[in-house]
Structure formats: structure tokens, C-alpha cells
Amino acid sequence: MIYQRSSALFAAAEKVIPGGVNSPVRAFKGVGGTPIFVKAAKGAYLYDEDGNRLIDYINSWGPMILGHTFEPVVNAVVEKAKKGTSFGMPTEIETKIAELAVSMVPNIDKIRFVNSGTEACMSAVRLARGFTGRDKIIKFAGCYHGHSDSFLIQAGSGASTFGTPNSPGVTQGTAKDTLLANYNDIENVKALIASNPNEIACIIIEPVAGNMGCIPPKAGFLEALRELCDANGILLVFDEVMTGFRLAKGGAQQLFNINADIVCFGKVIGGGLPVGAFAARNEIMNHLAPLGPVYQAGTLSGNPLAMAAGLAMLTELNNDSEIFNRLAEKTEYLHKGMAKVLNDNKITHTINRVGSMISVHFAEGEVTDFNSSAKGNNDTFKAFFHGMLKEGVYIAPSAFETWFITDALAYEDLDFTIKAVDKVAQTL
């Protein structure tokens, strides 16, 4: 494929945008080469500035669950834009989407809309601290909850040490209140709680990890977290920015039958527009201003364009009783097809899948946490990524990202992808 136009656009962008991109993973640092500049998208396909068509498996990192430029969503945004794009005042549509979201998701009474997943998770942690009167939080290595200071923490030297900043600009004072646990390791979590008695406000987790590839929770892990939180007065926060309204109507809470205390949303809930949200039962949400003392605000929160897109998207998902089954079936079909051709070509790999989230790890054995994910062969992934790109298939430009399946993908697209994997595997 030819990428002359993309290369020229990237060179121009580097002069005025740090690294030429507005989000680091877009820069292809993990795979090398020059990022692709998109001109348009439709359904399951991207069309780049050089005229290439690519089957899309990132789908704007998840929200395009029904495909790009899905007509009901586009129409809703266009009609709403004609009446104004932002008011800084309440609008009826905010209540409509809130009522729908609350009806779809178990164990929530109220929801507050913000502008991104980062804002949602940041606000959820502040609310948890305000509600419990405690300062410390537990997060898991490899789980990404946005770029708020509290979340940019790496491991200390032992299981129960404080975290240390892994980005300049994050202070030691902030880092000391974030404790880092190993995903799927309940004994590690128990040790952290025991060494910090009555100090932990919340445990925040991606119920299905999506930022070290797709990593499911082990059987009983989420249940054990729920029991630990109940026994120690800790709030359990589910970061469902990826899983919310994607794995089921009610997200991971419904799929695994586990109730979180606070749930964070993004991606799908905005139908592709910038939006996030966090939700909980009344006793927790009523601590938020203006009802309570925990302050959170945003001029563009609940803006009419994002609310219109989100309402159209959630309405479609709520009315389509088979959507999540179709997505899971397509993902399973892709999984089996890729596994067969990779095995036939004797390529060491592990494929993880939950619902419509899937990832290929070029690693031996199970991939259950950040350490096992990091053991994957990155050189193999780089070659795989560029090989798939050459074949017309766009996957995330990082070995630590999930692929997202959209309902717009036809089985012909999945077969094309499997053949592409076969062709590329022969070169690895």
C-alpha cells in the first residue's frame, strides 16, 4: 500500500503537535513506521488519505459498536447541532439518556455525565474518597484509567509498598496514596489491605482488562474483590469505559453478576463523541455537589451533541435483543479462525477473548496479568502489525491493546481477516 499522503501529513503535524499526535499510541512508537491518517469511515471500514480501505479492528478504541457513521447516531447529532451545540444549561436530553442508562445498568440510581473516561475515573475516585473519608486507593498493574495523576503509578519494590510516579509531573505525594496490585492475584490484594488497615477508599479495576491486551478475570476473582471490599468498608469501582454497554446491556456487572459500588463509562455511551460518565446508588451519588460536599463540574458535561449521539446509540442497543449474541458469535468465529491458521503455521501465541473484545499475544502459556502480557514477543507483533496493515487490516498499533469487534463486520470481512493472518503468519 502507498502512504505518501499520510507521511506528508505526519511530517506537517510534527511541527505543531507534540510527536505529531494528540494521543501517544497513535504515533506508532510501539510498532515503528508512520501513522495512518484517516479521511473517512463507513461501517467496518476506514478510508485513509491515500485512498486505501482498511478493515477496522480498533473502532475508535471501542465506541463504534454498530459501525462507523451509523445512521441513527449521525442523524441525531446533525439534528441536535441545528438547534445549538452547547449551552452551559440543563437540557431535557440529559435526563432522557440518564433514565435510559439507569434502566439498562444494574445497581445504579443516578449517573453524572462528564467529557471523557479519564474524567469519569478521576471523579469516581474523588467521590469514593469523599464518601469513605479515606485517602488511599488500589489499582492494578496494566489497567489504564486515564491520565489523571493518581493512575500514572508503577510498582514499588514489594507487594505492599507505595507506588512511585511513572510520569514526570506526578508528585510523590500523589503517588503515596496509590497502591499497586497484580491483576487476578487476590492474595496480593489481601496483603495490601492488611498492611493499610482502614486507609483504603476504593479498589478500581477494569473488570475485563483492555490495556494489556484483553485479559479476563479469573473465575472467582471479582467475587473475591467484592467480598474483601464489603468486609473492609472499601468501595469497589468498575472502570467500564471499555466494557460498559459492550459486553452486555448492563456491562460487566451484568455479565459477571457482580455489583460494583461506582461504575465508570465512556466510549459506547457517547456513540463516538467525547463523553464519559460515572454512576452509583443514591447514598453515594448524593455526596456530589450540589447535593453534597464532593465537588465535580464541567462546562461541556452533558453537552447536547454527545447526549444525542449517546441516546441514539443506547436506544439501538437496548432495543436489539440479539446484538450482544451476534457480537460474541462473530468474535468467537474470528478467534477460532485465527487460532487455526496460527497453529498451522506453528506460531507461538495465546488468544484471549471476552464478548466482543479479543487480543492476540505472541507469548507462551496463559496471559493473565501485566507480567505475562509483557512476555509476548514484541518483534513478532511488530511484523504482524505491519503485515496485517499491508493486507488491508488495521489493528491497534500496540501489543498491549484490545481489538474491538463491531456489528458492522460481515463474515466475509472476518474470513478476509483470517486469510490475512494466515498469509502474514507464513512470513513470521
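For the structure itself, look to the data block above.
Report follows, based on the coordinates. (Residues numbered from 1 in each chain as written. Predicted model: local features only at pLDDT ≥ 70, side-chain atom pairs only at ≥ 80, totals over all residues. Heavy atoms only, no water.)

### Observations regarding the sheet that holds strand E9 (residues 200-205)
Move 1: The seven strands lie next to each other as E4-E12-E11-E10-E9-E5-E8, forming an open sheet whose pairing is mixed. Strands at the two margins of the open sheet, each flanked by one partner only, are strand E4 (110-114) and strand E8 (178-181). Sheet twist, expressed as the average angle between the axes of neighbouring strands with direction ignored, equals 20°.
Move 2: As judged from the four bridges shared by strand E5 (residues 136-140) and E8, these two strands associate in the parallel manner. Looking across to E8, one finds that phenylalanine 140 is bridged to alanine 181. (Pairing = 2+ DSSP bridges. Helix = DSSP H or I, 4+ residues; strand = E, 2+ residues; numbered from the N terminus. Axes fitted to C-alpha atoms, helices over the stretch in contact; angles between N-to-C directions.)

### Things to note about the sheet that holds strand E14 (residues 357-361)
Move 1: Taken together, the three strands give an open sheet; going across it, the order is E13-E14-E16, and neighbouring strands pair in antiparallel fashion. Taken across any chain shown, the strands that pair with only one partner, and hence form the sheet edges, are strand E13 (350-354) and strand E16 (403-404).
Move 2: In terms of strand pairing, E14 meets E16 through two bridges, oriented antiparallel. Counterpart to isoleucine 358 in the pairing with E16 is tryptophan 403.

### What to know about the pattern of salt bridges
Opposite charge on two side chains makes pairing possible when the charged atoms of those side chains draw close.
Move 1: Taken as a whole, this structure holds 15 salt bridges when the rule is applied.
Move 2: Note that aspartate 261 is salt-bridged to arginine 226, the shortest N-O span being 2.9 Å. On the criterion of sequence distance, the pair formed by aspartate 261 in the loop between helix H8 (251-256) and strand E11 (262-265) and arginine 226 in helix H7 (residues 221-232) is long-range, its members being 35 residues apart.
Move 3: Given a relative accessible area of 15%, arginine 226 falls into the buried group.
Move 4: Taking the shortest distance from any N to any O, the salt bridge between arginine 326 and aspartate 320 comes out at 2.7 Å. (Salt bridge = Lys/Arg side-chain N within 4 Å of Asp/Glu carboxyl O. Buried < 20%, exposed > 50% of the residue type's maximum accessible area, 1.4 Å probe, protein only.)

### A few points about the packing of aromatic side chains
Move 1: Considering all chains together, one arrives at 10 aromatic pairs under this definition.
Move 2: Between phenylalanine 140 and tyrosine 183 the ring centres are 6.1 Å apart and the planes differ by 85°, which places this aromatic pair in the edge-to-face class. Separated by 43 residues along the polypeptide, phenylalanine 140 in strand E5 and tyrosine 183 in the loop between E8 and helix H6 (186-195) bring together distant segments of the chain.
Move 3: For phenylalanine 140, a relative accessible area of 0% gives the class buried.
Move 4: Overall, the relative accessible area of 1% leaves tyrosine 183 in the buried class.
Move 5: An aromatic cluster is present here, built from Phe28, Phe385 and Tyr394 joined pairwise through their rings.
Move 6: The ring of tyrosine 45 has arginine 53 lying over it, and the distance from NZ or CZ to the ring centre is 3.9 Å. (Phe/Tyr/Trp six-rings, centres within 6.5 Å; stacked < 30°, edge-to-face > 60°. Lys NZ or Arg CZ within 6 Å of the ring centre and 35° of its normal.)

### Some details on the environment of arginine 5
Move 1: By secondary structure assignment, the location of arginine 5 is in helix H1 (residues 4-16).
Move 2: Accessibility expressed as a relative area gives 42% for arginine 5, which makes it partly exposed.
Move 3: Setting aside chain neighbours within four positions, we find arginine 5 in contact with Glu49 and Asp50. (Contact = heavy atoms within 4.5 Å.)

### A look at the pairing of strand E10 (residues 235-239)
Looking along a regular strand, one sees the side chains alternate between the two faces of the sheet.
Move 1: Of all five residues in E10, five are buried, a share of seventy percent or more.
Move 2: Burial along E10 is two-sided: Leu235, Val237 and Asp239 and Leu236 and Phe238, pointing in opposite directions, are all buried.
Move 3: Judged from the four bridges that link them, E9 and E10 form a sheet pairing that is parallel. Within the sheet, the bridge partner assigned to isoleucine 205 lies in E10 and is phenylalanine 238.
Move 4: This β-α-β element, E9 to H7 to E10, shows right-handed connectivity.
Move 5: Bridge count for E10 against E11 is three bridges, and the pairing is parallel. If you follow valine 237 over to E11, its bridge partner there is isoleucine 262.
Move 6: Assessed by its sense of winding, the connection that carries the chain from E10 through H8 to E11 is right-handed. (Right-handed = clockwise from strand over helix to strand, strands pointing away.)

### Regarding the nonpolar core
Move 1: The biggest cluster of nonpolar side chains holds 63 residues, and the ones touching the most others in it are Phe140, Val189, Ile203, Leu225, Phe245 and Leu317.
Move 2: The element best represented in this core is helix H10 (residues 304-319), accounting for 10 residues.
Move 3: The residues touching isoleucine 203, leaving out its near neighbours within four places in the chain, are Ile138, Phe140, Val189, Ile193, Leu225, Cys229, Ile234, Leu235, Leu236 and Val237.
Move 4: In terms of nonpolar packing, the next biggest core, distinct from the first, is built from 42 residues, Phe28, Ala44, Phe362 and Trp403 among them. (Core = buried A, V, L, I, M, F, W, Y, C linked by side-chain atoms within 4.5 Å.)

### Regarding H1
Move 1: Restricting attention to buried positions, one finds in H1 the residues Ser6, Phe10 and Ala13. The buried residues of H1 occupy an angular sector of 65° when the element is viewed end-on, so they sit on one face. Exposed side chains of H1 directed beyond 90 degrees from the buried face belong to Gln4 and Lys15. (Arc of directions from axis to C-beta.)

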